Each structure stands twice: as C-alpha cells, then as structure tokens.
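Structural features, examined
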Amino acid sequence: MIVYLVGMPGAGKSVVGKELAGRLGVPFIDLDAQIEREHGKSVGEIFAKLGEPAFRGMEAAMLVQASTHDPSVVACGGGVVLEPANRITLRNTGIAVFLDVGIDRLRERVRPATDRPLIRHEGDLERLLAERGPLYREFAAHVVEGSGTPKQVADAIVEELRWSA
C-alpha cells in the first residue's frame, strides 16, 4: 500500500510522513525533495527560472515514479492536486490522506517568504487554501486533523487506515 499525504504548505506532510513511514516500517518519499535532488535546484529556483508549469510537469513525473514504490509513504507537494492526471494517479495507486490544518495554525507554520514561490505576500496562504481545500477534500480517502504533533497525526492516520482495512 502507498499512503499519499496531501495538504497545504505547512500541514506537516514531510515530518508526519517520516514518522508514519517509521511506524509502518516502509520507505518515505518526499516528492519536493526528490525533485530538488534530481534537478539540482530548490523548488523556489525551479519556479523562478522555469516557471510553475515546468515544476508541475516535474512533479507529475516524480509522482508517477513514486507510484511504483509499493509499499511507501509519499509526502506530496501542496499543489499536486491541481492536475487532474495527478489525482487519478493518487486515487489509482494508493490511499490519499488529507492533513487538514486550520488557517490559524497554517499561519503560525508558514510565513510569506521569498523561498516560497506561491506564498510571498499576506493573503497568499488564504487564497491557496480557498483554491485547494475543496480539491483535497473531494478526492482524499481520509481526512485527518493535522494540527497535533507528528506522532499524534501519524497515530491518527494509522487508526484511520486500520478502520478502512
């Protein structure tokens, strides 16, 4: 089984993913980190030099590659849900878990910064949540409250997966 973690920037997909993979005894894959490693540039640099469409293409290719690593836990980039083909890959090859974190907690975790290509100004986080939140909820097999510690969130995911087995 592949468990895909989806959610907003700052939802904790990477830290929860590492914890969850350890609990399940499976490999952990961070799509953004894999893209950075493969292309030798940070996500911010890719956005700045090649643009968002190029990054989304890299992300889709990396997702397809990750979808062959069964079993695993995969932390997806926050925008992976924007592409319909990615949603099909997620749905057909594993179980998507949406880490649902409220806007106040997201604001605590994510500040507008130059290294966040889509969250550079006040209001960007809210705009992304309004755009992506419905997509996360629409296709995720499970919605887990993501405001707790990585261990608490991983425990909640394990419990959700146990009930769905």
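Along each chain, residues carry numbers from 1 onward, in the same order as the chain's sequence is written. Given that the model is predicted, a residue must reach a pLDDT of at least 70 before its local features are reported, and side-chain atom pairs must reach 80 or more before they are shown or counted; all residues, however, enter totals for whole chains, interfaces and linings. Calculation of side-chain values draws on the structure's entire complement of heavy atoms; hydrogens and water are dropped beforehand.

In this section: the sheet that holds strand β5 (residues 142-145). Here a strand pair is declared whenever DSSP counts at least two bridges between the two strands. Only DSSP runs of H or I reaching four residues or more are called helices, and only runs of E reaching two or more are called strands; each is numbered from the N terminus. With parallel pairing, 5 strands are arranged side by side in an open sheet as β2-β3-β1-β4-β5. In this open sheet, the two strands that pair with only one neighbour each are β2 (28-30) and β5. Pairwise comparison of adjacent strand axes, ignoring direction, gives a mean angle of 25° for this sheet. Inspection of the sheet shows β2 paired to strand β3 (residues 72-75) by 3 bridges, in the parallel sense. For D30, the partnering residue across the bridge sits in β3 and is A75. Only heavy atoms enter the contact rule, under which two residues are in contact if any of them lie within 4.5 Å. Only the contacting stretch of a helix is used when fitting its axis, a line to C-alpha atoms as for every element, and angles between N-to-C directions run 0 to 180 degrees. Against the sheet, helix α1 (residues 13-24) contacts β1 (2-6), β2, β3 and β4 (95-100), and its axis sits at roughly 160° relative to β1.

Consecutive residues of a regular strand have side chains that alternate between opposite faces of the sheet. As judged from the 4 bridges shared by β1 and β4, these two strands associate in the parallel manner. The residue of β4 that forms the bridge with L5 is V97.

C76 and I157 are the most contacted members of the largest nonpolar core, which has 48 residues in total. Beyond its immediate chain neighbours, meaning those up to four positions away, I157 contacts L5, V16, L20, V97, L99 and V144. Side-chain atoms within 4.5 Å are what join buried Ala, Val, Leu, Ile, Met, Phe, Trp, Tyr and Cys residues into a set we call a nonpolar core. Note on classification: 1.4 Å probe, protein chains only; a residue is buried when its accessible area is under 20% of the maximum for its type, exposed when over 50%, partly exposed between these limits.

Next up on the list: the pattern of salt bridges. If charged atoms from side chains of opposite charge come close, those side chains can pair. Take a side-chain nitrogen of Lys or Arg and a carboxyl oxygen of Asp or Glu: if they are within 4 Å of each other, that pair is a salt bridge. Using the criterion set out here, one finds 11 salt bridges in the structure. Here R132 ties to E131 by a salt bridge, and the two come within 4.0 Å at their closest N and O atoms. Taking the shortest distance from any N to any O, the salt bridge between D155 and K151 comes out at 3.1 Å. Taken together, the residues D155 and K151, both in helix α8 (residues 150-164) and 4 residues apart, mark about one turn of the helix. Overall, D155 belongs to the partly exposed group, its relative accessible area being 28%. Among the residues examined, K151 registers a relative accessible area of 48% and is labelled partly exposed. What emerges from the salt-bridge pattern is a single network uniting R23, K151 and D155.

Here we come to the pairing of β5. Along β5, the buried face is formed by H142 and V144; none of V143 and E145, which line the opposite face, is buried. Across 4 bridges, β4 lies against β5 in parallel orientation. Looking across to β5, one finds that F98 is bridged to V143.

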